[in-house]
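Coordinate inspection notes
Residues per chain are reported as follows:
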Amino acid sequence: MYRLLQNEGHLFQGCFKSSIVALRRGQSADRGRYYAASFNFAIGLERLLKVLLILDNWRRERCLPNSQEIRRHGGKSGHDIERLYAAVKELFAVYRVSCPAGFEPDDLDLDLLSYFSDFAKMSRYFNLDMLFEEFKGEDPLARWNKLILDVYLRDLPRLQRIHDEDELDAMAERIEGNVYHMPNKGMTGESLSFREMVQDNSRVARALSPMCLRFLKLLIPLKELLIRVRERIHEDDDHTQSATVPYMEEFLDFVCTDRTIVDEAPDDWP
């Protein structure tokens, strides 16, 4: 059990880190990185939530739940992250976990959680399903694009946005007639003029850091819960010669409340 939990920790840690790295290095039309960021974060979040439910059961019963019990929390598909998160959130009061001031989830965080949940359940196969006309839902990249723009409008100061957009528009007007550019398509497949492309690239570039912070924001209370559950288990293990579970929070060592970390950390963070 100890080794398997360690392996699972390495797995969700790798998913989260690769997701954030992909996002930090993304660009406006870099669809592959956004797919990778969404795919890996959804997988990591689902597995972390299931680990928390497993550890809570071990703490209470000193036995592991069967796979059907855990799968039931994930709804019909077993991958419903919103339902898994709701089940884990009930443990916050049990273990006296609360979000740090300023990091309480807002409606945009819940939209992001819903996006990951839908991605885990069905959207990750959107392109293949569309080839077979088996999916009628929203293109995940179109939804991602809306989230990025919402973060841009919500998290960047209004005066900074106006200043940047005015400067870019003036720059685009000066050079548009002197450059040749291939027809460009946005994240949702719509055609963009040269000016629109310049503005879109800038908005996405500006929004990536605050979006990374929102990724971390979802993990902050989960890391605290992981610490509390592990501590309770280790307290009960005092009479034994060895701990039954590892220090699982070490696999979330990159999760912190420092809002400058995304901008000031080296390129290889996390």
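Look a little higher up for the structure.
Reference entry: report on the structure contained in this document. These numbers come from a predicted model, not from an experiment. (Residues numbered from 1 in each chain as written. Predicted model: local features only at pLDDT ≥ 70, side-chain atom pairs only at ≥ 80, totals over all residues. Heavy atoms only, no water.)

Focus: the packing of helix 4 (residues 81-94) against helix 5 (residues 107-121)
Between two packed helices, both the angle of their axes relative to each other and the distance between the axes serve to describe the pair. Taken N-terminus to C-terminus, the directions of helix 4 and helix 5 make an angle of 125°; their axes are 7 Å apart at the nearest point. For the element pair helix 4 / helix 5, the angle class is oblique. Note on element contacts: helix 5 touches helix 4 through L113, S114, F116, S117 and A120, opposite I81, E82 and Y85. When the residues that make up the contact of helix 4 with helix 5 are grouped by side-chain class, the tally is 5 nonpolar, 2 polar and 1 charged. (Axes fitted to C-alpha atoms, helices over the stretch in contact; angles between N-to-C directions. Helix = DSSP H or I, 4+ residues; strand = E, 2+ residues; numbered from the N terminus. Parallel < 35°, antiparallel > 145°, perpendicular 65-115°, else oblique. Contact = heavy atoms within 4.5 Å. Nonpolar A, V, L, I, M, F, W, Y, C, P; charged D, E, K, R; others polar.)

Considerations on the pattern of salt bridges
Tallied over the entire structure, the rule returns 18 salt bridges. Here E224 ties to R228 by a salt bridge, and the two come within 2.8 Å at their closest N and O atoms. You can see E224 and its partner R228 sitting in helix 9 (residues 194-236), 4 residues apart, about one turn around the helix. Its relative accessible area of 26% is what places E224 among the partly exposed residues. Of the residues examined, R228 reaches a relative accessible area of 26% and is grouped as partly exposed. For R230, the salt bridge identified is with E249, shortest N-O distance 2.6 Å. Taken together, the positions of R230 in helix 9 and E249 in the loop between helix 9 and helix 10 (261-264) put the pair 19 residues apart, joining distant regions of the chain. Classification of R230 as buried rests on a relative accessible area of 8%. Counted as one network, the salt bridges with shared partners bring together D106, D107, D109, R154, D155, R214 and K217. (Salt bridge = Lys/Arg side-chain N within 4 Å of Asp/Glu carboxyl O. Buried < 20%, exposed > 50% of the residue type's maximum accessible area, 1.4 Å probe, protein only.)

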